Amino acid sequence: MPRRVTKAVFPIAGLGTRFLPATKSIPKEIMTLVDRPLIQYAIDEARAAGITEYIFVTSRGKSALEDYFDDAPELELAVREKGRTELLQELDRTTMKSGTIAYVRQHRPLGLGHAVWCARQLISPNEMFAVILPDDVIAAEVPCLQQMIEAHEETGGCMVATMEVSPDATSTYGVLDVDAGTGPVVAVRGLIEKPDPGTAPSNLAVIGRYILSPEVLTGLARNEASADGEIHLTDAIANEVGSGRKVYGYRFDGQRFDCGSKAGFLQATVAFGLAHDELGHEFAEYLKRIRTKDGPLIAK
Ligand code: G1P
């Protein structure tokens, strides 16, 4: 049985240009989905899946993230003095134990593969590790990474989360070439990053959860940038297949939101707002009220 995965890499070095001007001074991962920053969803999912060590691949301008995961003694004192103990619990979720979180810098934006490679010194030569892209927020009864880790204990090899997308969307994803199969685990014959329209080998898109072997890091060290100037993680995983090692796609159970786009972020806001314990009811009433209203709700 493969050793349990306990380390996760969070590539968060992107500039977040799609969210300018908001991301001029705050990292995209700190943007709030209802009442938690995007990164908190990723951390909560990782924790639930048994991850105990977190590696953040950052870039310039991301120091707010380091502060977010630090102790906040003044804030805690103020909250305690006000008797708001429920808020202390909320703060507790954001604090990481000393030594469980590490930050490495990606000095230049050379792509997702390069970002993951930047974490190589923190991963042992025989250690499987997870990668979580916080832009992909996945609502699921059993957290997506946990589903994958459980499946991986049976299969070994590398594993990527996958879901079906419409054929015209395949050119915006990594896409799997797979053997036909109906279960959640599919054997991967090949992967291609953002295939030209009409050339995708399937409509199974790679979603931002990976369980990878250290060989992928070795492969990334050799990988050349592709035509777009980036080093793609997808290419390094494709090399694994090429070298005869096993790679699986995992069709997770859950709903994925693309919080790397404004439209996806809005959809997630509505879905998570409706599912929120305290706000859900009021928000649902509001949506009901405005549904029948003609024209814009506020002047443009
Ligand atoms: C990245 C990966 C891509 C994957 C996608 C999932 O692309 O390169 O293979 O399908 O995440 O969200 P990006 O969205 O960063 O362009």
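Within each chain, residue numbers correspond to sequence positions counted from 1 in written order. Owing to the predicted nature of the model, reporting of local features is limited to residues with pLDDT of at least 70; listing and counting of side-chain atom pairs is limited to 80 or more, with chain, interface and lining totals taken over all residues. In computing side-chain values, all of the structure's heavy atoms are included and hydrogens and water are not.

A.B. asks: A description of the packing of aromatic side chains should follow, citing residues and the corresponding values.
C.D. replies: Two aromatic rings, drawn from Phe, Tyr or Trp (for Trp, its six-membered ring), form a pair once their centres lie within 6.5 Å of each other, and the interplanar angle then sorts them: stacked below 30 degrees, edge-to-face above 60, tilted otherwise. Tallied over the entire structure, the rule returns eight aromatic pairs. Pairing Phe-257 with Phe-272 gives two aromatic rings, centres 5.7 Å apart and planes at 65°, and the pair type is edge-to-face. A residue pair is termed long-range when its members are at least 10 positions apart, and Phe-257 in strand 13 (residues 255–258) and Phe-272 in helix 9 (residues 262–275) qualify at 15 residues. You'll find Phe-257 and Phe-272 in the same group, each marked buried. Ring pairs connect the aromatic residues Phe-10, Tyr-54, Phe-56, Tyr-68, Phe-69 and Tyr-103, which therefore count as one cluster. Each helix corresponds to a stretch of at least 4 residues labelled H or I by DSSP, and each strand to a stretch of at least 2 residues labelled E; elements are numbered beginning at the N terminus. Only protein chains enter the accessibility calculation, which uses a 1.4 Å probe. A residue is then buried if its area is under 20% of the maximum for its type, exposed if over 50%, and partly exposed in between.

A.B. asks: For the nonpolar core, give the residues involved together with the corresponding values.
C.D. replies: By nonpolar core is meant a set of buried Ala, Val, Leu, Ile, Met, Phe, Trp, Tyr and Cys residues that side-chain atoms within 4.5 Å join together. Residues Phe-10 and Ile-51 are the most contacted members of the largest nonpolar core, which totals 36 residues. Excluding residues that lie within four positions of it along the chain, Ile-51 makes contacts with Val-5, Thr-6, Lys-7, Ala-8, Ala-46, Ala-130, Leu-145 and Ile-149. Counting 32 residues, the second largest nonpolar core, distinct from the first, contains Cys-118, Val-160, Leu-220 and Ala-236. Contacts were defined at the residue level, with two residues in contact if any of their heavy atoms lie within 4.5 Å.

A.B. asks: Quick one: what's the story with the site of the ligand, residue by residue and with numbers?
C.D. replies: By convention in this text, a residue qualifies as near a molecule or strand provided that one of its non-hydrogen atoms is within 4 Å of it. In the vicinity of the ligand, the contacting residues are Leu-112, Leu-133, Asp-136, Tyr-173, Gly-174, Glu-193, Lys-194, Val-206, Thr-234 and Arg-256. By the criterion applied in these results, polar contacts are pairs of N or O atoms within 3.5 Å in which, for protein atoms, one can donate a hydrogen and the other can accept it, and in which residues neighboring in sequence qualify only through two side-chain atoms. Here an oxygen atom of the ligand sits 2.7 Å away from a polar atom, N or O, in the side chain of Lys-194. The backbone of Val-206 places a nitrogen or oxygen atom 2.6 Å from an oxygen atom of the ligand. Accessible surface is estimated by sampling points in the Shrake-Rupley manner with a 1.4 Å probe; for residues, cover comes only from the protein chains shown. Against a free-state accessible area of 380 Å², the protein chains account for coverage of 75% of the ligand. When grouped by side-chain class, the residues that make up the shell around the ligand number four nonpolar, two polar and four charged. Each residue is assigned to one class: nonpolar for Ala, Val, Leu, Ile, Met, Phe, Trp, Tyr, Cys and Pro, charged for Asp, Glu, Lys and Arg, and polar for all the others, Gly among them.

A.B. asks: Residue-level account of the pattern of salt bridges, with values.
C.D. replies: Throughout this description, the term salt bridge denotes a Lys or Arg side-chain nitrogen within 4 Å of a carboxyl oxygen of Asp or Glu. One pass over the full model with this rule turns up 16 salt bridges. Of the charged contacts, one joins Lys-7 and Glu-127 as a salt bridge, the two residues approaching to 3.1 Å between their closest N and O atoms. With a gap of 120 residues between them, Lys-7 in strand 1 (residues 7–11) and Glu-127 in the loop between helix 5 (112–117) and strand 6 (129–132) connect regions that are remote in the sequence. Among the salt bridges present, the one from Glu-240 reaches Arg-245, with a minimum N-O distance of 2.7 Å. Under the relative-accessibility criterion, Glu-240 is labelled buried at 3%. Look at the salt bridges and you will find they share partners, linking Lys-7, Glu-53 and Glu-127 into a network.

A.B. asks: If you had to explain the confidence of the model for the protein to someone new, which residues and values would you point to?
C.D. replies: You can read pLDDT as the predictor saying how much it trusts each residue, on a scale of 0 to 100. With 99% of its residues at a pLDDT of 70 or more, the protein shows a mean pLDDT of 91. The secondary-structure element of the protein with the lowest mean pLDDT is helix 4 (residues 85–94), recorded at 83, while strand 6 shows the highest, at 98.

A.B. asks: Report on the layout of surface pockets, specifying residues and quantitative values.
C.D. replies: Empty space among the atoms becomes visible once a probe the size of a water molecule is rolled across them. Think of a 1 Å grid over just the protein atoms. A cavity is a set of points where a 1.4 Å probe fits yet cannot get out, a pocket is an open set with protein on both sides within 12 Å along at least five of seven lines, and lining residues have an atom within 4 Å of a point. Grid points are joined across faces, edges and corners, and a volume is the space filled by probe spheres set on the points. Of the pockets and cavities examined, the largest pocket occupies roughly 1300 Å³. Taken together, 42 residues line the largest pocket, and the ones lying closest to its centre are Arg-18, Lys-28, Leu-112, Asp-135 and Lys-194. Examining the composition of the lining of the largest pocket, we find that four residues originate from one element, strand 11 (residues 204–212), more than from any other. Within the lining of the largest pocket, the residues separate by chemical class into 16 nonpolar, 13 polar and 13 charged. Computed from the structure, the second largest pocket encloses a volume of approximately 570 Å³. Along the wall of the second largest pocket there are 19 residues; nearest its centre are Asp-35, Arg-36, Glu-90, Arg-93 and His-276. Contributions of two or more residues to the lining of the second largest pocket are made by strand 3 (36–37), helix 1 (38–48), helix 4 and helix 9. Considering every element that reaches the lining of the second largest pocket, the biggest residue donor is helix 4, with six residues. Of the residues assigned to the lining of the second largest pocket, the class counts are eight nonpolar, three polar and eight charged.

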